[in-house]
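Residue-level structure breakdown
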Amino acid sequence: MEDGSSHGRKLMLCLQDSALGVSSADNITAFPAGITTGATWDKALIYARGVAIGKEFRGKGTNIHLGPAVGPMGRKPLGGRNWEGFGADPVLQGKAAALHIKGVQEQGVIATIKHFIGNEQEMFRMYNPFQPGYSANIDDRTLHELYLWPFAEAVHAGVGAAMTAYNAVNGSAASQNSYLINGLLKDELGFQGMVMSDWLSHISGVDSALAGLDMNMPGDTNIPLFGNSLWQYELTRSVLNGSVPVDRLNDMATRVVAAWYKMGQDKDHPRPNFSSNTRDKNGLLYPAALFSPSGQVNWFVNVQEDHYLVARQVAQDAITLLKNDGDLLPLSNSSKLSVFGTDAQVNPSGPNACLNRACNKGTLGMGWGSGVADYPYFDDPVSAIRRRVPNVKFHNTDSFPGNIDQPSPDDIAIVFISSDSGENSFIVENNHGDRDTSKLAAWYGGDELVRKAASKFSNVIVVVHTVGPLLLESWIDHSLWLRLPQRPPPLLPPQIRHLLPPASPTSKPLL
């Protein structure tokens, strides 16, 4: 399609994860996750984060930012992707999403509200040739007052795109659920943008078209091996034989083009300058093709600017202090500290060593799956503590050492523990996206590590990096609880700034 300008540009769209930063790219910022951002309760910061994310997506030449995420809502505490959203409250989710969308789209990038709707668990979420995805059965009042509320706020904020969920709702797959897409989203909420499927969730041709789906992503069937599509030529045939009205086809195209024009992407919007498939300068120009020429695919454009300041402020203000018995905090630079737990130090193989962060090694900064971005660097907690406090002994283990000398009454133990989750695309420590194996316990025996430290030391601080709720009762008498942080910024990670002067935790727990 020609855009009518003197450049004669064709409409080509680059869609890219994630909700916390440009995925699979270099020279970007890995921002605090949604759950961290929501914990700030700070509208100005949430908006500033959205502005910064929008600038980075535009700078990398993307058209559509696949965020923010408000589904899952967080109905299941063990849900794998709860950390991508802003918190288990529809008003918080909705207001934060609206601010995020405003910030992103003011930069000329189309935001995508997702996942519509009822995507509350990862296990059995997807339809495949052997079994259907699970069905989230939700009554009308609950659907409107809880799950739909954040999407309504997003529509009112002018979001340009929406993404359907993998699962079914009340027995009908979300990608072809006419009541959800046509009835609620487009009619009741008045959504004027495009509705896309989540990747490989498109399971019908005519049915999904008539139900209101506008874009099939990435275009393949459930089994993306042979280049087949339920639309492509089949959609053409469906229109020609009258199964899909021409008006519906025109509506699909109009919704896509309208969002493109609304964001001004027909005028001087940069082309993609990076590749998700390689970090080398040169690579395959068409990596999905059977045969592809090679050429330059990465231009290494740095889009970070001073966004680390926003990232650091969000991470700092999100930290939640649950308890401070005896005014133990803040610590003195002259304190004698013993630090325990592998979560205190960055993954020894590097912060991005695990594909899509599908491991929990070292300091936990984000969950795993498609909702991640690569860290440009990682300043871990124990390194920052050592820069401020000279007398530090670090035990890089999740098992309490048996040869610890008897501490004095003034000695202080800082125990780092974590709990991780993510997308069902990966299984980590036998957790299938959801925390179905680890449940609400700290990983790697973290709770036992805390209890043993408490039996030895008179002063114990517990730092928890977690994607969601944990059971703390067995050691709550010795706890400082910190929400999931993100990429620790330069100078001093935010979780350490709150252990030492002058910063103070500002967030409040969601109780």
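Residues numbered from 1 in each chain as written. Predicted model: local features only at pLDDT ≥ 70, side-chain atom pairs only at ≥ 80, totals over all residues. Heavy atoms only, no water.

Bringing the side chain of Thr29 into the picture now. Of note, Thr29 is situated in the loop between β1 (15–16) and α1 (34–38). Side-chain polar atoms of Thr29 contact the side chain of Glu56, separated by 2.6 Å. (Helix = DSSP H or I, 4+ residues; strand = E, 2+ residues; numbered from the N terminus. Polar contact = N/O pair within 3.5 Å; in protein donor to acceptor, adjacent residues only side chain to side chain.)

Another point: the pairing of strand β12 (residues 392–395). As paired elements, strand β11 (residues 337–340) and β12 share four bridges and run parallel to each other. Note on β12: the bridge partner recorded for Phe340 is His395. Each parallel crossover has a hand, and for β11 linked through helix α11 (residues 381–388) to β12 it is right-handed. (Pairing = 2+ DSSP bridges. Right-handed = clockwise from strand over helix to strand, strands pointing away.)

For the structure on display, the rule yields seven aromatic pairs. Judged by centre distance (5.8 Å) and plane angle (85 degrees), the ring pair of Trp443 and Tyr444 falls under edge-to-face. Look at Tyr444 and you get partly exposed, because its relative accessible area is 33%. Joined through ring pairs, the aromatic side chains of Phe340, Phe400 and Phe457 make up one cluster. (Phe/Tyr/Trp six-rings, centres within 6.5 Å; stacked < 30°, edge-to-face > 60°. Buried < 20%, exposed > 50% of the residue type's maximum accessible area, 1.4 Å probe, protein only.)

Turning to the confidence of the model for the protein chain, a few remarks are in order. The predicted model of the protein chain averages 91 in pLDDT, with 92% of residues at 70 or higher. In the predicted structure, residues 1–7 sits below a pLDDT of 50 and forms 15 contacts with residues beyond four places in sequence or in another chain. (pLDDT = per-residue confidence, 0-100. Contact = heavy atoms within 4.5 Å.)

Spatial ordering of the open sheet is given by β12-β11-β13-β14, a layout of four strands whose pairing is parallel. The sheet terminates laterally at β12 and β14 (459–466), the two strands that pair on one side only. Geometrically, the sheet is characterised by an average inter-axis angle of 20 degrees between neighbouring strands, direction not taken into account. Pairing of β11 with strand β13 (residues 412–419), which is carried by four bridges, proceeds in the parallel orientation. By the bridge assignment, Leu337 is partnered in β13 with Ile412. Helix-sheet contacts for α11 involve β11, β12, β13 and β14, and the interaxial angle to β12 is about 165 degrees. Sitting on the sheet, helix α12 (residues 446–456) touches β11, β13 and β14, and the angle it makes with β13 is about 170 degrees. (Axes fitted to C-alpha atoms, helices over the stretch in contact; angles between N-to-C directions.)

In total, this model carries 21 salt bridges according to the counting rule given. Close ionic contact of Asp214 with Arg248 constitutes a salt bridge, the shortest N to O distance being 2.5 Å. With Asp214 in the loop between α7 (206–211) and α8 (233–240) and Arg248 in helix α9 (residues 246–262), the pair connects residues that are 34 residues apart, well separated along the chain. Per residue, the accessibility class of Asp214 equals that of Arg248, and both read buried. (Salt bridge = Lys/Arg side-chain N within 4 Å of Asp/Glu carboxyl O.)

Attention shifts here to the sheet that holds strand β5 (residues 161–164). The strand order across the open sheet built from five strands is β1-β2-β3-β5-β8, with neighbouring strands paired in parallel fashion. Edge positions in the sheet fall to β1 and β8 (194–196), since each has one partner strand and no second. Pairing geometry for strand β3 (residues 110–116) and β5, over three bridges, is parallel. Paired with Phe116 across the strands is Thr164, a residue of β5.

Residues Ile223, Leu225 and Phe226 make up a contiguous nonpolar surface patch of about 360 Å² in total accessible area. Structurally, Leu225 can be placed in the loop between α7 and α8. (Patch = residues over 30% accessible without salt bridge, like charges linked within 9 Å, V, L, I, M, F, W, Y side chains within 5 Å. Areas by Shrake-Rupley, 256 points an atom, 1.4 Å probe, with all protein chains shown as cover.)

Now for α12. In an α-helix there are 3.6 residues to a turn, and that puts residues three or four apart on one side. Taken together, the buried positions of α12 are occupied by Gly446, Asp447, Leu449, Val450 and Ala453. One face of α12 carries all of its buried residues, which in axial projection span an arc of 160 degrees. Residues of α12 that are buried sit in contact with β11, β13 and β14. (Arc of directions from axis to C-beta.)

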